[in-house]
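Remarks on the overall topology
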Amino acid sequence: AGLPQAGCQIPFGRASDRFGRKPVIVVGMLIFAAGSVVAGMADTMAGLIAGRALQGAGAISAAAAALVADITRPQVRTMAMAILGAGMGASFILALVAGPPVSGLIGVDGILVAAGWLSLAAIAVVIWVVPAAPKGTAASAALNTSGRNR
């Protein structure tokens, strides 16, 4: 999942500058959800690898960080970024601790499919709860329609 994620950060970042943060985040989460289902339903190692690669292709961390920067005041932006990073770190630690017992209950395939469902639920949060970035914020204000800096 790491290589597709690394390869998709810049294209998704550019797309979020051009089309908006929330639409790109939603598309990335849909890709991640699809990858989760593919990986969770895989019967072969190749299917699992394909699903995990698709999960990684839903790389939206750059767009999410950009959205946080867009919707926070400069006075609290550093704290907001720290909270975002702490949340990512805490979820990594939680996965290491809770993963084995949860896997014992529902299996690795169950965890993967659950990740897909949770991703779809998170899309609803992005659409209806997370505020949109104000017009004229971030790098999109510095780009013309060709995508090149002015």
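First, a word on what this report is: a plain description of the structure on this page. (Residues numbered from 1 in each chain as written. Predicted model: local features only at pLDDT ≥ 70, side-chain atom pairs only at ≥ 80, totals over all residues. Heavy atoms only, no water.)

**Overview of the overall build of the protein chain**
Helix and strand content of the protein chain: 5 helices and 0 strands. Each helix (α) and strand (β) of the protein chain, taken in turn from the N terminus, gives the series α-α-α-α-α. Per-residue burial over the protein chain gives 28% buried out of 150 residues. Sequence-distant contacts in the protein chain: of pairs separated by 6 or more residues, those separated by 24 or more amount to 70%. Accessible surface, the protein chain as shown: approximately 9200 Å² in total, 73% of it carbon and sulfur. (Helix = DSSP H or I, 4+ residues; strand = E, 2+ residues; numbered from the N terminus. Buried < 20%, exposed > 50% of the residue type's maximum accessible area, 1.4 Å probe, protein only. Contact = heavy atoms within 4.5 Å. Areas by Shrake-Rupley, 256 points an atom, 1.4 Å probe, with all protein chains shown as cover.)

**Here we look at the side chain of Arg21**
Note that Arg21 resides in helix H2 (residues 21-40). Looking at Arg21, its side chain comes within polar contact range of the side chain of Asp17, at 2.7 Å. (Polar contact = N/O pair within 3.5 Å; in protein donor to acceptor, adjacent residues only side chain to side chain.)

**So, helix H1 (residues 2-19)**
If you check H1, its first and last C-alpha atoms are 25 Å apart, about what 18 residues at 1.5 Å a residue would give, namely 26 Å. Those residues of H1 that are buried are in contact with H2, helix H3 (45-57) and helix H4 (61-71). After H1 finishes, the residue Gly20 shows a positive phi value of roughly 110°. (Expected span 1.5 Å × (residues − 1).)

**Let's talk about the packing of H2 against H3**
Axes are the key here: two packed helices are described by the angle between their axes and the distance separating the axes. Running from N to C, H2 and H3 point in directions that differ by 165°, and their axes come no closer than 7 Å. Comparing their axes, H3 and H2 come out roughly antiparallel. The interaxial crossing formed by H2 with H3 has left-handed handedness. Contacts between H2 and H3 involve Ile31, Phe32, Ala34, Gly35, Ser36, Val38 and Ala39 from the first element and Gly47, Leu48, Gly51, Arg52, Leu54, Gln55 and Ala57 from the second. Along the lines of polarity and charge, the residues of the contact of H2 with H3 split into 8 nonpolar, 5 polar and 1 charged. (Axes fitted to C-alpha atoms, helices over the stretch in contact; angles between N-to-C directions. Parallel < 35°, antiparallel > 145°, perpendicular 65-115°, else oblique. Left-handed = near helix turned anticlockwise from the far one by under 90°. Nonpolar A, V, L, I, M, F, W, Y, C, P; charged D, E, K, R; others polar.)

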